[in-house]
Amino acid sequence: MSDLIKFKIDGKDCMAEAGKYIVDAAADNGIYIPTLCNMKGVQPKGACRICSVRINGRLMTSCTTPVTDGMEIESDSAEIQDLRKSIIELLFVSGNHFCPACEKSGSCELQALAYRYQMMVPRFPYEFPLKRVDASSPRIIKDQNRCIFCKRCIKTIKDEKGRSYFVFRNRGHKLEVVLDETMGKTMDEATAKLAMENCPVGSILVKERGFEIPIGKRKFDKEPIGSDIKL
Amino acid sequence: MSKKITIEPVTRVEGHGKVTIHMDAQGNIQQSRLHIVEFRGFERFVQGRPYWEAPVLVQRLCGICPVSHHLAAAKALDVIVGAGTGDGLTPTGEKMRRLMHYGQFFQSHALHFFHLSAPDFLFGVDGDPAKRNIIGIALTNPDLAVQGVMMRKFGQEIIRATAGKKIHGTGAIPGGINKNLSIEERDEFLKGADPLNADKMVSWAEEALDFFKKYYFANKDFVDNFSYFPSNHLSLVRKDGALDIYHGVLRAVDADGKKILNDIDYQEYDKYIEEEVRSWSYMKFPYLKEYGKDKGWYRVGPLARLNTADFIPTPLAQKEFEAYKALTNGKPNNHCLHMHYARLIETLHAAEMIRELLHDPDLLGDDLVIKGEKQKEGVGLIEAPRGTLFHHYRINDNDQIEMANLIVSTTNNNEPMNKAVNNVAKSVMTGKEVITEGMMNAVEVAIRAYDPCLSCATHALGKMPLELTLVGPNDEILDRKRSH
């Protein structure tokens, strides 16, 4: 068993195995730090920045920073909560997220975070970007209006040879996460379902399977996101 | 010198509308128009969306009867997923949808009668506008107000149990439904604490009908003659001619009761119905092709449904239906304000149907969805509280909607509402030099009888000011009155 180290989050004494990332170490101690791009079992990249915490005066992403002995972490301050909320707001205004007709509503992590951080209306102007819906694959629909570039699909949806079904295309404001055209044709139903499940928003939809989960049984209908993290 | 009178916005209806009444120099009414001043564009922005989103997306047209749009879209998509044309669902799928729809009917009709129209009956068409609203009813007739609120609540709870939410749920999906009814939910509706149970709702629906009948027989001349005009009538009916608000064939009768659209399959509605665009309104004017624009327009809604149906398949409502039909010797009823009478008979029918369905074990079943060979196009029709509602979708090879056509109930009633407004304006305003608030409300009473959903959006009661503008021939404002 690895050695246990001591550290503090918002003044609370915590213990964790050395080398663990802060976000996981916090969860082990019953403290929820929000994530969007991070997924268990996948090498973290710190892409979305929503897990930012302050350590020794610096903002660090807790999904990519290992905890060290004696570390003092600030996570629940008003400043950091507002920073996280502003990231959520920026994600909302930079895409076209219309929750009322989105199938992922109720199970969407971005929506759930907006509720958790009590986003009433974004403080930034909506961009209403022109995005396309790619429905050419026989199994899935890739709705670019809702993509937040978290890369979870790129990193987790792979074939038996380890090749990703999803890839980045273009750069800058034209950047898109797209389904590889050739691989998309052979994608099976189980992979399509996994892709939809791993997408934190409603950007990947399995075809012809809409709204099968009734209201009341969706992921975040009963409890806010992060409620599973408790001692 | 001619005058133009504008009533804007029209109050105690859903959404925004305005009325203009043109008078000549002698004070004769030349023309009246009900303008729909909002533009929605749902038909355009569903294009490109995956087809299964339509029932959830398009229902956002309305906050009062979203269930109607939800179900009409789902019925159109049943055709697309190969689940038949309205009668091919599993028993649980169809009966859950029916329960949702009757719940919707019950709550919407209750809202219309108690909140929007009853103030006119209790306080008079020209009564004090400060009292002539639901708050006035709550202060003077608290039992009636409570009854209205609780009937609405019961209907909304039925919707919640079947669609997941009281407003804008997700229950109906292409080919069926996404949940059944739990035993607990069923028992709550059947045996719930007074007054929220099905038996009480049936008896309250009877009481509401008695309330209206008392008013009617005490004011028979006024009710019978208020904006009377003959018209065609159109609605769905069950194949055997029974009133059926969920599914059936399309029937139209003329003012004398002759069938002019003989129980057609509504998948072919576009062979029989056409829509005309007029420059002064965002709302189209539908008519029966065979009879042309001038003679082919028709009414939809409660009045039309009880004119096209041969009978009502629940005993208490059927008894009331027989008495109601006797008033016009079995012929179609063309009295504008009898719309309320018909609406309350339907409210009773909905309560009876809810009670009957709740005893059906199929609601508890697990076989929720059925699918067959996919089609490219589908039409879904339903009788919404305000009348026949058409949803028509066509999809492309990638499962995206490429065409949507919606003919909503209020659109079907566009021509009759214009006729009704003109009739009332002629009867109360001709030759009058001063236009009073009571006269303006009389015009609104005619519109309100149709229970229009002018933009299919809701507004808080009492928040909409009524504005009357008198405009001269050169568009100069002669006078303006504003009330709240």
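Residues numbered from 1 in each chain as written. Chains lettered and ligands numbered in written order. Predicted model: local features only at pLDDT ≥ 70, side-chain atom pairs only at ≥ 80, totals over all residues.

Before going further, it helps to spend a moment on the overall build of chain A. Within chain A one finds six helices and 10 strands. Taken over the C-alpha trace, chain A has a radius of gyration of 19 Å; the compact-globule value for 231 residues is 17 Å, and the two agree within 12%. The dimensions of chain A, computed from C-alpha atoms along their principal axes, are 55 × 45 × 40 Å. For chain A, with 231 residues in total, the buried portion stands at 35%. Sequence separation of 24 or more characterises 63% of the internal contacts of chain A that already satisfy a separation of 6 or more. (Helix = DSSP H or I, 4+ residues; strand = E, 2+ residues; numbered from the N terminus. Rg over C-alpha atoms; globule rule 2.2 N^0.38 Å. Buried ≥ 20, exposed ≤ 12 C-beta atoms within 10 Å, placed from the backbone. Contact = placed C-beta atoms within 7 Å.)

Here the focus is the overall build of chain B. Tallying secondary structure elements over chain B gives 17 helices and 16 strands in all. Here the C-alpha atoms of chain B give a radius of gyration of 22 Å, agreeing with the 23 Å that 2.2 N^0.38 yields for 484 residues. When the 484 residues of chain B are sorted by exposure, 52% land in the buried category. Taking the contacts inside chain B whose residues are at least 6 apart along the sequence as the reference set, 69% of them involve residues at least 24 apart.

Another aspect to go through is the sheet that holds strand 12 (residues 377-384) of chain B. All names here are of chain B. Across the sheet, which stays open at both edges, the three strands sit in the order 12-13-14 with antiparallel pairing between neighbours. Every interior strand has two partners, whereas the edge strands, strand 12 and strand 14 (401-407), have only one. On average, adjacent strands in this sheet sit at an angle of 15° to one another, irrespective of strand direction. In the sheet, strand 12 pairs with strand 13 (residues 387-395) via eight bridges, with the strands oriented antiparallel. What sits directly across from Leu 381, in strand 13, is Phe 390. Lying over the sheet, helix 3 (residues 66-80) contacts strand 12 and strand 13, oriented at roughly 150° with respect to strand 12. (Pairing = 2+ DSSP bridges. Axes fitted to C-alpha atoms, helices over the stretch in contact; angles between N-to-C directions.)

With that settled, the discussion passes to the interface of chain B and chain A. On the side of chain A, 17 residues touch chain B, which itself brings 19 residues to the contact. Looking at the side of chain B that touches chain A residue by residue, the classes come out as five nonpolar, nine polar and five charged. (Nonpolar A, V, L, I, M, F, W, Y, C, P; charged D, E, K, R; others polar.)

Another point: the domain arrangement of chain A. Residue and element names in this part refer to chain A. On domain assignment, one finds that chain A holds domain 1 (4-76) and domain 2 (85-206). Centre-to-centre separation of domain 1 and domain 2, based on C-alpha positions: 26 Å. Contacts between the two partners involve 10 residues from domain 1 and, on the opposite side, 12 residues from domain 2. A breakdown of the residues in the side of domain 1 that touches domain 2 according to their chemical character gives eight nonpolar, no polar and two charged. (Domains from an automatic or database assignment.)

A separate point is the packing of helix 2 (residues 78-94) of chain A against helix 3 (residues 109-116) of chain A. All names here are of chain A. Relative to each other, helix 2 and helix 3 sit at 135°, their axes nearing to 10 Å. With respect to their mutual orientation, helix 2 and helix 3 come out oblique. The two elements helix 2 and helix 3 cross, and the hand of that crossing is left-handed. In this structure, helix 2 uses Ile 88, Leu 91 and Phe 92 to contact helix 3, whose residues at the interface are Leu 110, Leu 113 and Ala 114. (Parallel < 35°, antiparallel > 145°, perpendicular 65-115°, else oblique. Left-handed = near helix turned anticlockwise from the far one by under 90°.)

Before going further, it helps to examine the sheet that holds strand 2 (residues 12-17) of chain A. Strands pair in a sheet through their backbones, by hydrogen bonds, and they do so in one of two ways: parallel or antiparallel. Residues and elements named next belong to chain A. Taken in spatial order, the five strands make up an open sheet running 2-1-5-3-4, and their pairing is mixed. With one partner strand each, in any of the chains shown, strand 2 and strand 4 (58-61) form the two edges of the open sheet. Shown here is a sheet whose adjacent strand axes are inclined to one another by a mean of 40°, direction ignored. Looking at chain direction, strand 1 (residues 4-9) and strand 5 (residues 72-74) are connected through two bridges and run parallel. The partner of Ile 9 across the bridge, within strand 5, is Ile 73.

Residue and element names in this part refer to chain B. Looking at the secondary structure, you find Gly 88 in the loop between helix 3 and helix 4 (91-123). Judged by C-beta crowding, with 17 C-beta atoms within 10 Å, Gly 88 ranks as partly exposed. Residues Gly 88 and Gly 380, spaced 292 residues apart in sequence, show a C-alpha to C-alpha distance of 13 Å. Residue contacts for Gly 88: discarding those within four places in its chain leaves Asp 78, Ala 83 and Ile 370.

This brings us to the environment of Thr 191 of chain A. Checked against the element boundaries, Thr 191 of chain A lands in helix 6 (residues 189-198). For the pair Thr 191 of chain A and Lys 104 of chain A, spaced 87 residues apart in sequence, the C-alpha to C-alpha distance is 17 Å.

To continue, consider the domain arrangement of chain B. Residues and elements named next belong to chain B. As far as domains go, chain B holds domain 1 (3-38 + 416-483) and domain 2 (89-227 + 336-369). Counting only elements with at least two residues in the side of domain 1 that touches domain 2, the list comes to helix 16 (414-429) and helix 17 (437-449). The element that contributes the greatest number of residues to the side of domain 1 that touches domain 2 is helix 17, accounting for eight residues. Tallied by class, residues from the side of domain 1 that touches domain 2 come to eight nonpolar, five polar and four charged.

For residues besides glycine, phi is generally negative; the peptide bonds are generally trans as well. Going from Asp 194 of chain B to Pro 195 of chain B, the amide bond is cis rather than trans, its omega being 5°. Phi at Phe 211 of chain A is positive, roughly 60°, even though this residue is not glycine. Within the element layout of this structure, Phe 211 of chain A appears in the segment after strand 10 (204-206). Backbone geometry at Asp 399 of chain B places phi at a positive 70°, although glycine is not the residue there. Looking at the element boundaries, Asp 399 of chain B is found in the loop between strand 13 and strand 14.

All names here are of chain B. Of all residues in chain B, 90% attain a pLDDT of 70 or more, and the chain-wide mean is 88. Contacts for the low-pLDDT stretch residues 455-468, under 50 throughout, to residues beyond four places or in other chains number 40 contacts. This prediction of the complex comes with two scores: 0.91 for pTM and 0.92 for ipTM. (pLDDT = per-residue confidence, 0-100.)

All names here are of chain B. Assignment of secondary structure puts Gly 257 in the loop between strand 7 (249-253) and strand 8 (259-264). Residue Gly 257 is classed as partly exposed on the basis of its 13 C-beta neighbours within 10 Å. Gly 257 sits 25 residues away from Asn 232 along the chain, and the two C-alpha atoms are 8.5 Å apart. Setting aside residues no more than four positions away along its own chain, Gly 257 makes contact with Lys 331 and Pro 332.

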